[in-house]
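Here is how the chains run, residue by residue.
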Amino acid sequence: MGYAHDYAAAIMQRGRVPMPPVDFVPNWSDGPRKAKYYPGVDSLPLPAADYPADASLDRAFGFADGAPGAGEFDLTSLSGMLLDSYGLTGRRLGVQANTDLSALPFYPLANWSRGSASGGGLYPVSVYWVSGPNGPVTPGVHYYSTRHHTMQRLLTGDVSGEVREALGGYGADTDQYLVLGIKYWQNSFKYNSFSFHAVSMDLGAAVQTWRMWAGARGLSVEPAMWFDEARLQKLLGVDGEEEGVFAVVPLKWAQGQAGSPTGPASDDVSVRHRDNERSREVFTFDALLKMQAVTSEHAPERPAPGALAPAAAPPVNPDLPLAPLPAARPMPGDVRTVLRRRRSSFGRFDASRPVTAEQLAACLAASSTGSRLGGDTGTGTGPGAGTGTGTGDGVRLAKLYAFVNHVDGLEPGAYEYDPDARELRLVKAGRPGEFLQRNYFLSNYNLEQAGAVLVPTVRTSAVLDAVGDRGYRLVNATIGAVAQSVYTACSALELGCGVALGFDNVSYIEELGLDATGEAPLLIMMIGNERPAPADFRYEIA
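Summary of the structure given here. This is a predicted model, so every value here is computed, not measured.

Scanning the protein chain from N- to C-terminus turns up 14 helices and 17 strands. Here the C-alpha radius of gyration of the protein chain, 22 Å, is about what a compact globule of 542 residues would show, namely 24 Å. Across the protein chain, the fraction of contacts at a sequence separation of at least 24, relative to all contacts at a separation of at least 6, is 81%. For the protein chain, the computed accessible surface area is about 20,300 Å², with 51% contributed by carbon and sulfur atoms. Averaging the positions of the 46 positive and the 58 negative side-chain charges in the protein chain gives two centres separated by 5 Å.

To continue, consider the pairing of strand β14 (residues 496-500). Summarising burial for β14: four of the five residues are buried, a large majority. In terms of strand pairing, β14 meets strand β16 (residues 524-528) through five bridges, oriented antiparallel. Residue Val499 lies in a different strand from β16, and its bridge partner there is Met525.

Moving on to helix α6 (residues 195-216). Look at α6: 32 Å from first C-alpha to last across 22 residues, which is about the 32 Å you get at 1.5 Å a residue. Counting buried positions along α6 gives 22 out of 22 residues, so the element sits mostly inside the fold. The positive-phi residue at the C-terminal boundary of α6 is Gly218, with phi of around 75°.

Attention now goes to the sheet that holds strand β1 (residues 43-45). Strand order across the open sheet formed by six strands is β1-β6-β5-β4-β7-β8, with antiparallel pairing between neighbours. The sheet is open, and its two borders are formed by β1 and β8 (243-250), each paired with just one other strand. With direction set aside, neighbouring strand axes in the sheet form an average angle of 30°. Bridge count for strand β4 (residues 125-131) against strand β5 (residues 140-145) is four bridges, and the pairing is antiparallel. Looking at β5, one finds that Tyr128 is bridged to Tyr143. Sheet contacts for α6: β4, β7 (176-183) and β8; angle to β7, the most-contacted strand, approximately 155°.

By definition, the strands of a sheet pair up through backbone hydrogen bonds, in either a parallel or an antiparallel sense. The antiparallel open sheet is built from three strands, whose spatial order is β3-β2-β17. One side of each edge strand has no neighbouring strand; the edge strands of this open sheet are β3 (111-113) and β17 (538-540). Each adjacent strand pair in this sheet contributes to an overall mean axis angle of 25°, direction not counted. Bridging between strand β2 (residues 90-92) and β17 involves three bridges; their strand directions are antiparallel. Residue Arg91 lies in a different strand from β17, and its bridge partner there is Tyr539.

Okay, the nonpolar core next. With 136 residues, the main nonpolar core has Leu178, Leu360, Leu454 and Ile524 as its most contacted residues. If one sorts the elements of this core by residue count, helix α13 (residues 471-493) sits on top with 13 residues. With 25 residues, the next largest nonpolar core counts Tyr38, Ala166, Phe227 and Val245 among its residues.

Here the focus is the environment of Asp74. Structurally, Asp74 is set in the loop between α2 (57-60) and α3 (75-85). Counting along the chain gives 178 residues from Asp74 to Lys252, while the straight-line C-alpha distance between them is 8.9 Å. Within the structure, Asp74 has its side chain in polar contact with the backbone nitrogen of Thr76 (distance 3.2 Å).

Procedures and definitions
- Residues numbered from 1 in each chain as written.
- Predicted model: local features only at pLDDT ≥ 70, side-chain atom pairs only at ≥ 80, totals over all residues.
- Heavy atoms only, no water.
- Helix = DSSP H or I, 4+ residues; strand = E, 2+ residues; numbered from the N terminus.
- Rg over C-alpha atoms; globule rule 2.2 N^0.38 Å.
- Contact = heavy atoms within 4.5 Å.
- Areas by Shrake-Rupley, 256 points an atom, 1.4 Å probe, with all protein chains shown as cover.
- Lys, Arg positive; Asp, Glu negative; His and termini not counted.
- Charge placed at Lys NZ, Arg CZ, Asp CG, Glu CD.
- Buried < 20%, exposed > 50% of the residue type's maximum accessible area, 1.4 Å probe, protein only.
- Pairing = 2+ DSSP bridges.
- Expected span 1.5 Å × (residues − 1).
- Axes fitted to C-alpha atoms, helices over the stretch in contact; angles between N-to-C directions.
- Core = buried A, V, L, I, M, F, W, Y, C linked by side-chain atoms within 4.5 Å.
- Polar contact = N/O pair within 3.5 Å; in protein donor to acceptor, adjacent residues only side chain to side chain.

Okay, structure coming up:
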């Protein structure tokens with residue numbers, strides 16, 4: 001067993017055995033920027049992006065008919081997808097229960113909203129665009145500046161062949177790629193050793209936003225997660241211990257010609273511009289360094305199709321009492337509007353207005369779309385090769401449980417969700433509020449006031465056994481995708497939502513009886529109605 005097994009075990013136990021360094025305190029005044037900063041580079045403003053009226057959330061989740069990802073990207077659609085997922089769209093200052101509330105009125109500490117969720121609101125995913133000769137701009141490498149909604153040119157020249165070689169043939173019919181990196185210090189300054197666990201979920205949340213956005217427009221976004229990471233780190237000019245490259249998304253581009261001339265791969269090419277770090281003092285953490293090392297060591301060795309089958313989510317127990325759900329409530333609105341409204345509730349839940357069974361059914365159904373991270377996460381033979389979470393064979397990694405507090409037509413209790421039949425099975429009867437609150441570490445939520453608390457699980461050890469240590473990235477990216485799906489569904493259904501990692505994982509294993517299946521509960525997602533007429537300030541900037 002590799003180090004990722006040890007790290008996963010420490011994550012499960014951290015509610016009872018703190019992870020080192022136990023005495024670490026963030027230096028907030030010396031914190032990093034929330035995005036990379038490349039001084040002196042040229043910027044390309046991105047065009048305004050329209051959003052068609054038929055780009056509904058039901059279509060994004062696959063609940064309505066639409067073209068199955070046959071469309072092609074252009075500069076306008078790329079701009080819209082980036083803005084709606086990771087670009088800054090507004091400033092928010094609502095009265096809520098999070099501990100940073102007192103700092104938010106000050107402009108340097110303002111809370112800028114985005115479409116994609118992020119652990120701790122830190123947004124460490126860096127988006128690079130590698131454009132070849134079939135693109136709309138001079139070929140090169142660009143960094144997406146989220147604060148300015150521009151592409152910053154880091155390198156001029158066609159290096160798409162480098163990306164193609166690093167992918168080992170995946171996405172070979174395009175020369176347009178989005179490369180997703182994670183600069184660890186943007187998160188580890190706050191979460192130290194725990195940060196690898198959080199940032200790998202952020203990757204999944206960002207990609208899932210792209211998948212929903214693209215799906216609603218008849219486009220396709222499927223990430224590759226197995227590739228020559230060291231080669232891409234060198235191309236981007238980043239230190240392998242400071243920034244991991246987590247995914248590559250080949251884009252089917254409008255007017256692109258398969259087999260068009262592209263630049264040859266070259267081991268000598270590299271971005272020479274360097275990110276300017278704000279922090280005067282940067283720390284490293286042993287667990288983070290080890291996880292980057294072990295999850296990148298065999299990155300080019302793509303698992304064979306079917307490799308993840310032994311790690312699939314266990315089937316629903318048919319002997320448990322059935323709790324039928326009504327048909328999921330339709331999700332009105334377009335994806336852009338819904339992503340603009342997405343936010344965390346932070347203690348604003350109000351149990352006096354129960355969640356309807358139709359709303360719960362819709363949230364559960366949406367979550368299942370994230371449980372399969374992509375059509376092919378780079379472990380199959382190419383775009384469209386499959387329909388699963390990384391082997392092209394339709395494997396569902398995540399399973400969902402629901403602790404029901406206040407849902408019309410459902411008795412309180414812990415339930416297991418069947419995504420195929422779209423129904424619940426009762427695991428344990430009784431009000432779960434006391435258990436939920438007792439095993440939550442923070443003070444920013446009253447879990448008993450939530451209508452329901454949804455808990456995704458993955459058989460983490462089985463995934464690592466099946467595909468090696470790099471599978472840890474896939475596990476957490478899948479969980480991040482589930483969380484983003486639920487956040488987005490709640491926004492459409494006008495429900496509050498909050499996602500948290502600060503809970504006793506072992507207690508949930510015991511409460512749900514997961515020892516026998518090896519399922520690991522990796523986060524909790526609270527949904528419910530919020531108190532009416534909250535004190536709030538919102539200023540839209542996009």
